[in-house]
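# A closer look at the structure
Residue-level listing of the chains:
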There are 4 protein chains.
Amino acid sequence: MAKSFSVSLQEPIFRTTYRVIYGDTDAAGVVYNANYLRYFEIGRTEMMREWAVPYSSMEKMGCVLPITESYIRFKAPARYDDLLTIATSLVQVKRVSCRFHYAIFRTEEDGREQLLVKGFTSLACINTEGRLTPFPDEVMEKISALVPKKEE
Amino acid sequence: MAKSFSVSLQEPIFRTTYRVIYGDTDAAGVVYNANYLRYFEIGRTEMMREWAVPYSSMEKMGCVLPITESYIRFKAPARYDDLLTIATSLVQVKRVSCRFHYAIFRTEEDGREQLLVKGFTSLACINTEGRLTPFPDEVMEKISALVPKKEE
Amino acid sequence: MAKSFSVSLQEPIFRTTYRVIYGDTDAAGVVYNANYLRYFEIGRTEMMREWAVPYSSMEKMGCVLPITESYIRFKAPARYDDLLTIATSLVQVKRVSCRFHYAIFRTEEDGREQLLVKGFTSLACINTEGRLTPFPDEVMEKISALVPKKEE
Amino acid sequence: MAKSFSVSLQEPIFRTTYRVIYGDTDAAGVVYNANYLRYFEIGRTEMMREWAVPYSSMEKMGCVLPITESYIRFKAPARYDDLLTIATSLVQVKRVSCRFHYAIFRTEEDGREQLLVKGFTSLACINTEGRLTPFPDEVMEKISALVPKKEE
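Residues numbered from 1 in each chain as written. Chains lettered and ligands numbered in written order. Predicted model: local features only at pLDDT ≥ 70, side-chain atom pairs only at ≥ 80, totals over all residues. Heavy atoms only, no water.

### Notes on the sheet that holds strand β5 (residues 97–107) of chain B
Think of a sheet as strands paired side by side through backbone hydrogen bonds, with each pair either parallel or antiparallel. On the basis of which strands lie adjacent, the open sheet formed by 10 strands has the order β1(B)-β4(B)-β5(B)-β6(B)-β3(B)-β3(C)-β6(C)-β5(C)-β4(C)-β1(C) and antiparallel pairing. Edge positions in the sheet fall to β1 (14–19) of chain B together with β1 (14–19) of chain C, since each of these pairs with one other strand and no more. Between one strand axis and the next, the sheet turns through 20 degrees on average, direction left out of account. Taken together, the nine bridges between strand β4 (residues 83–93) of chain B and β5 of chain B define a ladder with antiparallel strand orientation. Bridging across to β5 of chain B, T85 of chain B finds its partner in F105 of chain B. Each of β1, β3 (67–74), β4, β5 and β6 (113–124) of chain B together with β3 (67–74) of chain C touches helix α1 (residues 35–51) of chain B; the most contacted strand, β1 of chain B, lies at about 135 degrees to it. (Pairing = 2+ DSSP bridges. Helix = DSSP H or I, 4+ residues; strand = E, 2+ residues; numbered from the N terminus. Axes fitted to C-alpha atoms, helices over the stretch in contact; angles between N-to-C directions. Contact = heavy atoms within 4.5 Å.)

### What to know about the relation of the copies chain D and chain B
For the pair chain D and chain B, the relating rotation is 180 degrees, the translation along its axis is 0.0 Å, and the fit reaches an RMSD of 0.0 Å. In symmetry terms, the pair is related by a two-fold rotation axis. Minimal C-alpha distance to the rotation axis in chain D is attained by Y18 of chain D, lying at 5.2 Å. When the interface residues of chain D are mapped onto chain B, 100% of them are again interface residues, pointing to one common binding face. (Least-squares fit on C-alpha atoms with pLDDT ≥ 70 in both.)

### Side note on the pairing of β1 of chain C
All names here are of chain C. Residues F14, T16 and Y18 point to one face of β1 and are all buried, whereas R15, T17 and R19, pointing to the other face, are not buried. By the bridge criterion, six bridges tie β1 to strand β4 (residues 83–93) in an arrangement that is antiparallel. Bridged to R19 within β4 is L83. (Buried < 20%, exposed > 50% of the residue type's maximum accessible area, 1.4 Å probe, protein only.)

### Observations concerning empty space enclosed by the protein
In total, this model carries one cavity of 30 Å³ or more according to the counting rule given. For the largest cavity, the calculated volume is near 380 Å³. Taken together, 20 residues line the largest cavity, and the ones lying closest to its centre are N35 and R38 of chain A, R38 of chain B, R38 of chain C together with R38 of chain D. Elements with a minimum of two residues in the lining of the largest cavity: α1 (35–51) of chain A, α1 of chain B, α1 (35–51) of chain C together with α1 (35–51) of chain D. (1 Å grid on protein atoms, 1.4 Å probe; cavity = no way out; pocket = protein on both sides within 12 Å on 5 of 7 lines; lining within 4 Å. Points joined across faces, edges and corners; volume = space filled by probe spheres on them.)

### As for the layout of surface pockets
Taken as a whole, the second largest pocket holds about 1200 Å³ of empty space. Surrounding the second largest pocket, 45 residues form its lining, L65, P66, I67, T68 and A124 of chain A being those nearest its centre. Among the secondary structure elements, those contributing two or more residues to the lining of the second largest pocket are α1, α2 (55–60), β2 (63–64), β3 (67–74), β5 (97–107), β6 (113–124) and β7 (126–127) of chain A together with β3 (67–74) of chain D. In terms of residue class, the lining of the second largest pocket is made up of 23 nonpolar, 11 polar and 11 charged. (Nonpolar A, V, L, I, M, F, W, Y, C, P; charged D, E, K, R; others polar.)

### Comments concerning the sheet that holds β6 of chain A
The sheet built from 10 strands is open, its strands ordered β1(A)-β4(A)-β5(A)-β6(A)-β3(A)-β3(D)-β6(D)-β5(D)-β4(D)-β1(D) with antiparallel pairing. Every interior strand has two partners, whereas the edge strands, β1 (14–19) of chain A together with β1 (14–19) of chain D, have only one. Averaged over all adjacent pairs, the angle separating strand axes in this sheet is 20 degrees, with direction ignored. Sheet contacts for α1 of chain A: β1, β3, β4 (83–93), β5 and β6 of chain A together with β3 of chain D; angle to β1 of chain A, the most-contacted strand, approximately 135 degrees.

### Quick look at the environment of T128 of chain A
Secondary-structure assignment places T128 of chain A in the loop between β7 and α3 (137–144). Side-chain polar atoms of T128 of chain A contact the side chain of E129 of chain A, separated by 3.3 Å. (Polar contact = N/O pair within 3.5 Å; in protein donor to acceptor, adjacent residues only side chain to side chain.)

### Description of the state of the cysteines
Joining two cysteines, a disulfide is a covalent bond between their sulfur atoms. Here the structure, examined in full by the defined rule, presents zero disulfides over all chains. We note that C125 of chain C lacks a disulfide partner, and the nearest cysteine sulfur, in C63 of chain C, lies 3.8 Å from it. (Disulfide = S-S within 2.5 Å.)

### Some remarks on the side chain of T45 of chain C
All names here are of chain C. Mapped onto the fold, T45 is located in helix α1. Assessed through its relative accessible area of 5%, T45 is described here as buried. From its side chain, T45 meets the backbone oxygen of E41 in a polar contact 2.7 Å long.

### Concerning unusual backbone geometry
Residues and elements named next belong to chain A. At the junction of E11 and P12, the peptide bond is cis and its omega measures out at 0 degrees in the coordinates. Considering the arrangement of structural elements, one finds P12 in the segment before β1. A positive phi angle, near 75 degrees, is found at D81, a position not held by glycine. The residue D81 is located in the loop between β3 and β4 in this model.

### Topic: the interface of chain D and chain B
On the chain B side, the residues contacting the 18 residues of chain D number 18 residues. Summing both partners gives a buried area of about 1600 Å² for chain D against chain B, and 41% of it is carried by carbon and sulfur. Among the residues chain D hides against chain B, the three largest losses belong to I21, R38 and E41 of chain D. Together they make up 33% of the total. On the surface where chain D and chain B come into contact, there are four salt bridges. Ionic pairing is found between D24 of chain B and R38 of chain D, a salt bridge with its closest N-O pair at 2.7 Å. Where chain D touches chain B, the interface holds 14 residue pairs in polar contact (both at pLDDT 80 or more). Listing elements by their share of the side of chain D that touches chain B, those giving two or more residues are β1, α1 and α2 (55–60) of chain D. (Buried area = accessible area lost by both parts, 1.4 Å probe. Salt bridge = Lys/Arg side-chain N within 4 Å of Asp/Glu carboxyl O.)

What follows is the structure in structure tokens.
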């Protein structure tokens, strides 16, 4: 039986917040498991917008980044109206793919952060015909700078 | 203040079923309100597939049917694992638009049907440039036949 | 055939923003119709939090506010990465129910706001047994103050 | 960097079908990544209903099964109106947890099945106080019988 992944964030870590709505929760009173992949999208998108190239600009360059692999480890449930912190870091950049790590925390009223979820997504760079294609130079330059030690 | 719509089904009524999953519910223990619009889509799509022209064929004819108006009246909540019946009828067909009425029932264990939700959606026929366009003849012929007395 | 509702905002209007993610869109390249009800929830929730009583506090007072009726009029599509403004106003407060009006705009790069969607939701106040119950006094006092001329 | 999981189905394999709606897709023209976790829920729920104990019965026995870990490997995209086959197998049962493997196929018009997605979810059995609790005897007996060789 496969063991669990170890997922750890690496500096630089991008932080953004999200408020849980009823539409995110389920009848068990907690956030429905699939919705954490939405939160991962928010973290990744805002990190790219602020620190590299907005996804919408990449689309104009003719490439999109579908997810090829995703993993989530659930530690504790998020609940209705929680103010979540989505922490994102880019941990790997290759010629046609990259990997983001995520951790989601609840900001408690006393300011402490409780870890709720950790996970990763791997993404591939594909062109409009759906074929693997290298990241555009402008993108590669910016995202490489976000990975502590570039792995090839 | 505007009054509520009256929404009634008209023969012929198409029926299909859907099983509620956790992902459809919210922390109040019931189906989240937005998801009934997903159920309306299921009813409308399966009715069109069985009795007229599949949506995917219409796309190949170069037209799509975005929703221009939607209305839902919530009578009683659907819950996790409910087996729902989605009843759909096409009540109006015009040159570039149409309207579906829906009612969603829970099939109780004794076979009775409890009404949970009623509603409608209006749809417009647009081409690939996003402009209003008449329904293709083949589509118009088939959907007109589904409306008791065609309203113009 | 029922006519469309007229939906207009009334002062005071609460404004909040939301960034469209891929998970909100559909294969037609636009925001999926059901998701506007999620945006309405965001508008209503944040308005109540800022100007009246947070939903989570109402839950602690033993009441929840299920939607009894919803209506959406779609004018123009929202798209991936749009920064939306959700404008919300409380237009009616009764003893056990209330109604919110919403308008969703896209903030264009030149600062103009394009209207995309208008709609309303009616909500009922129910207790933990699921029965209609008057708004708690504290809530009634605050929400009544948000309606220009209280309608009974 | 962690390597990918190997995920393989084991007999007995439960199969159920699901039709992709617009609400499942995104602006890239494919099913949005998070929705595969909804499909996994459908596979797991229907397998349990048919071959073991319905989830709703387990709730009545006082236990729920939150997901503690999920993994998805995306091979090829599902698209609007695809008729998907969700293949599910229970590969591990322990005292307070279990693991399901999934594979999602598109049934092509010529009858061939194309693999789109593989993945797993691990679940824990918890009681109404949220504490880990052994599966009820009746449940354990039935689910153990579904695992080729019980792993402890």
